[in-house]
Amino acid sequence: MTKICSKCKEEKGLGEFYKNKSCKDGLQLHCKKCESFRKTAYSNKNIEYWKNHDPYKEKLVKKCSSCKKNLHSTYFYTNLSKKCGLGFACKECIKKYQYSHVKVMTEQDKEVRRKQCRQYYFEHREEINLMRKKYDLDHKEERRMYWKQQNRRKNPHLLTEIGIVYILQERGTGYYKIGKSKESEFKNRICHLQCGNPRKLILSFSGKIQDPSGVEHDLHYKYSQYNGHGEWFKLTPETVEEIITYLKTQETFTTSISDSPQPLKNGYFTPIPPLIPPLAFLTPLQV
Ligand SMILES: [Zn+2]
Ligand SMILES: [Zn+2]
């Protein structure tokens, strides 16, 4: 026995159709494959919609299909592939179901599991390490942005900090140092660097920049392929010109907060809005 699918018009065995009591032959008009396409398209459409909407705000009351209670939407988990954006059962019912089905692990079970994991790691060590390395390489930019975000969350004062970002040229070698320093320590820093270097150092650029650590970090990342050692980079004059042009757009001419604080009436300082560097500049160079 076969049946022709109403969507893809292919002739298929009856096993290829879902049951549907309301149809004449008790089977759906279209095949399982077409049904799965329909479902994916449906959930994608919903997911797209919920990107700009909040299901908790749009639907306030929903009936739980398990306990049949009418509850406020916050009693449900979100399910963005659904039209209403909420799961079918309330959080309580889902938790009850989960607890009744979870097998409680004893200490012994845990020890067995740990042993299995260790065993698996030893047997597939090289494979796993390669996978990790590949992941790190493929997600370099994301990892860097994540690291920067975490760092900024822990030290929010860095965003409004003002310091010097400078470019030092080592005469005759083509090496440049991209560095940052506190305004008050800048002169000392340059002297120290000159003392420890047999070649003459020339200051190509120095400017007051907001969030100097962030700007310095971005630059080190962007030109990492030219990195010699430490903060020294082998750069062409054109590249240096490019960096200076960028730094000039980032230069700030307000007085440093640490130098001369300007307390307002309520005792707080005026925060300086964070400068957002042009995105195109931050994309790493292709080798
Ligand atoms: Zn079909
Ligand atoms: Zn419920």
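A quick note: this is a predicted structure, and the numbers were derived from the prediction, not measured.

Thresholds applied
Residues numbered from 1 in each chain as written. Chains lettered and ligands numbered in written order. Predicted model: local features only at pLDDT ≥ 70, side-chain atom pairs only at ≥ 80, totals over all residues. Helix = DSSP H or I, 4+ residues; strand = E, 2+ residues; numbered from the N terminus. Buried ≥ 20, exposed ≤ 12 C-beta atoms within 10 Å, placed from the backbone. Contact = placed C-beta atoms within 7 Å. Expected span 1.5 Å × (residues − 1). Core = buried A, V, L, I, M, F, W, Y, C linked by C-beta atoms within 7 Å. pLDDT = per-residue confidence, 0-100. Pairing = 2+ DSSP bridges. Axes fitted to C-alpha atoms, helices over the stretch in contact; angles between N-to-C directions.

1. Quick notes on the overall build of the protein chain
1) Next: Each helix and strand in the protein chain was counted, giving 11 helices and 10 strands.
2) Next: The proportion of buried residues among the 287 residues of the protein chain is 12%.
3) Next: Relative to all contacts within the protein chain whose residues are 6 or more apart in sequence, the contacts with residues 24 or more apart total 57%.

2. Describing helix H6 (residues 140-154)
1) Next: With 15 residues, H6 ought to run about 21 Å at 1.5 Å a step, and its terminal C-alpha atoms sit 21 Å apart, in line with that.
2) Next: Among the 15 residues in H6, 0 count as buried, and that is only a small part of the element.

3. So, unusual backbone geometry
When glycine is set aside, most residues are seen to have a negative phi, and most peptide bonds are trans.
1) Next: In this structure, lysine 9 takes a positive phi of about 60° despite not being glycine.
2) Next: Tracing the chain through its elements places lysine 9 in the loop between strand S1 (2-4) and strand S2 (11-13).
3) Next: Even without glycine at this site, lysine 68 takes up a positive phi of about 60°.
4) Next: With respect to the helices, strands and loops of the structure, lysine 68 is situated in the loop between strand S3 (61-63) and strand S4 (70-72).

4. Things to note about the nonpolar core
Across soluble globular proteins, nonpolar side chains show a tendency to be buried alongside one another.
1) Next: Grouped together as the largest cluster of nonpolar side chains are 14 residues, with contacts concentrated most on Val165, Tyr166, Ile167, Tyr176 and Ile178.
2) Next: Sorting the residues of this core by element identifies strand S7 (162-170), strand S8 (175-181), strand S9 (201-210) and helix H9 (212-222) as the ones contributing at least two each.
3) Next: With residues up to four places along the chain from it excluded, the contact list for isoleucine 178 reads Ile167, Glu216, Leu219, His220, Glu231 and Phe233.
4) Next: Formed by 5 residues, the second largest nonpolar core is a distinct cluster that contains Phe76, Leu86, Cys90 and Cys93.

5. With respect to the confidence of the model for the protein chain
1) Next: For the protein chain, mean pLDDT is 84; residues scoring 70 or higher make up 88% of the total.
2) Next: Per-element mean pLDDT across the protein chain ranges from 46 in helix H11 (residues 279-282) up to 94 in helix H1 (residues 32-50).
3) Next: Every residue in residues 256-283 scores below 50 in pLDDT, and together they form 27 contacts with partners more than four places removed in sequence or on other chains.

6. Some points on the sheet that holds S9
1) Next: Pairing is antiparallel in the open sheet, where 4 strands are placed in the order S9-S7-S8-S10. Of all the strands in the sheet, just S9 and strand S10 (232-234) have a single pairing partner and so form its edges. Ignoring strand direction, the axes of neighbouring strands in this sheet form an average angle of 25°.
2) Next: Two strands pair when backbone bridges link them, and S7 and S8 are joined in this way by 7 bridges, in the antiparallel orientation. Counted as the bridge partner of tyrosine 166 is glycine 179 from S8.
3) Next: Across the sheet, H9 lies against S7, S8 and S9, angled at about 155° from S8, the strand it touches most.
4) Next: Contacting S7, S8 and S9, helix H10 (residues 237-250) crosses the sheet at an angle of about 30° to S9.

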